[in-house]
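Structural description and commentary
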Amino acid sequence: MHLAYPVVLSALLFCTGLYGVLARRNAILVLMSVELMLNAVNLNLVAFDVWLSKTAEETLHSGQALALFTIAIAAAEIGIGLAIVLAVHRNRGTADIDKLRDTAEGHDPDDPDGPDGAGSPGGPGGPVPDSDADAPTTRAAVTKAEATA
C-alpha cells in the first residue's frame, strides 16, 4: 500500500475537523471536531511508522506509541471539555459559543447593564426574576442562609 492513501485520508479528516472548529457554534460539536483532528494526526503517525519500519532494519514503532499517548491525552481532554461545557450549560442555559462571549470580555462588575448595555437577568451575578424578592439568588447566599437558620 502506498503512503499517499492514508496521508490523503488524514488530510481530509483534518480539514473536516478544522472546518468544524471554525464553523460550528455548539461547544460539543467543536470538541468532536477537535477529536476528529486528533484522529487524523494519529492516522498520520501510524502510517508513517509503518512506512518507515519497512525501510528500517529495526522496528521501534515509535509512531504507534505516540498515537497511544495522543489517544490517552484526547480522552482526558474530552472528559475535561465535556465537564466544562456541562457546567457552562447549567449556569448559562446554552452551549452556544457566540452567546458565551461576554464571559471572556472584561466589564465593570458594578455595571448592572453588562458590557452591551442590556441587562442579563438570570446570568451569574445578575438579578434573578422571581416572585419572592427576599429569596437568596446565589449559591453562596443559599448556603449562608441555611447555615444561619
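Please read all numbers here as calculations on a predicted model, not as lab measurements.

1. Topic: a nonpolar patch on the surface
On the surface, F14, L18, L22 and V41 cluster together to form a nonpolar patch covering roughly 350 Å² of accessible area. For L22, the location among the structural elements is in helix α1 (residues 4-23). Taking the relative accessible area as the measure of exposure, L22 reaches 69% and is therefore exposed.

2. Re the UniProt feature "transmembrane region" (unreviewed entry) in the chain
Mapped onto this structure's residue numbering, the UniProt feature "transmembrane region" (unreviewed entry) falls at residues 65-88. Split by type, residues 65-88 is 100% helix and 0% strand. Its first and last C-alpha atoms lie 35 Å apart.

3. Examining the pattern of salt bridges
Tallied over the entire structure, the rule returns 1 salt bridge. The partner of R25 in a salt bridge is D98, with the nearest N and O atoms 3.1 Å apart. One end of the pair, R25, is in the loop between α1 and α2 (27-55); the other, D98, is in the loop between α3 (62-92) and α4 (139-148), and 73 residues separate them in sequence. Taking the relative accessible area as the measure of exposure, R25 reaches 54% and is therefore exposed. Judged by its relative accessible area of 34%, D98 falls in the partly exposed class.

4. A word on the confidence of the model for the chain
Residues with a pLDDT of 70 or more make up 66% of the chain, whose mean pLDDT is 79. Averaged over each element, pLDDT in the chain is lowest for α4 (66) and highest for α1 (96).

5. A few points about the packing of aromatic side chains
This model, assessed by the stated rule, comprises 1 aromatic pair. Judged by centre distance (6.2 Å) and plane angle (85°), the ring pair of F48 and W51 falls under edge-to-face. A residue pair is termed a helical-turn pair when its members lie 3 or 4 positions apart in one helix, as F48 and W51 do in helix α2 at 3 residues. For F48, a relative accessible area of 34% gives the class partly exposed.

6. Notes on the environment of A65
Positionally, A65 belongs in helix α3. Through-space distance from the C-alpha of A65 to that of V46 is 8.9 Å; in sequence the pair is 19 residues apart.

7. Describing α3
Between its terminal C-alpha atoms α3 stretches 44 Å, which fits the 45 Å expected from 31 residues at 1.5 Å a residue. Within α3, burial applies to G63, A67, T70, A74, G81 and V85. On its buried face, α3 is in contact with α2. Positive phi shows up at G93, right after α3, with a value of about 85°.

Parameters at a glance
- Residues numbered from 1 in each chain as written.
- Predicted model: local features only at pLDDT ≥ 70, side-chain atom pairs only at ≥ 80, totals over all residues.
- Heavy atoms only, no water.
- Patch = residues over 30% accessible without salt bridge, like charges linked within 9 Å, V, L, I, M, F, W, Y side chains within 5 Å.
- Areas by Shrake-Rupley, 256 points an atom, 1.4 Å probe, with all protein chains shown as cover.
- Salt bridge = Lys/Arg side-chain N within 4 Å of Asp/Glu carboxyl O.
- Helix = DSSP H or I, 4+ residues; strand = E, 2+ residues; numbered from the N terminus.
- Buried < 20%, exposed > 50% of the residue type's maximum accessible area, 1.4 Å probe, protein only.
- UniProt positions renumbered as here; feature names shortened; annotations may be inferred.
- pLDDT = per-residue confidence, 0-100.
- Phe/Tyr/Trp six-rings, centres within 6.5 Å; stacked < 30°, edge-to-face > 60°.
- Expected span 1.5 Å × (residues − 1).
- Contact = heavy atoms within 4.5 Å.

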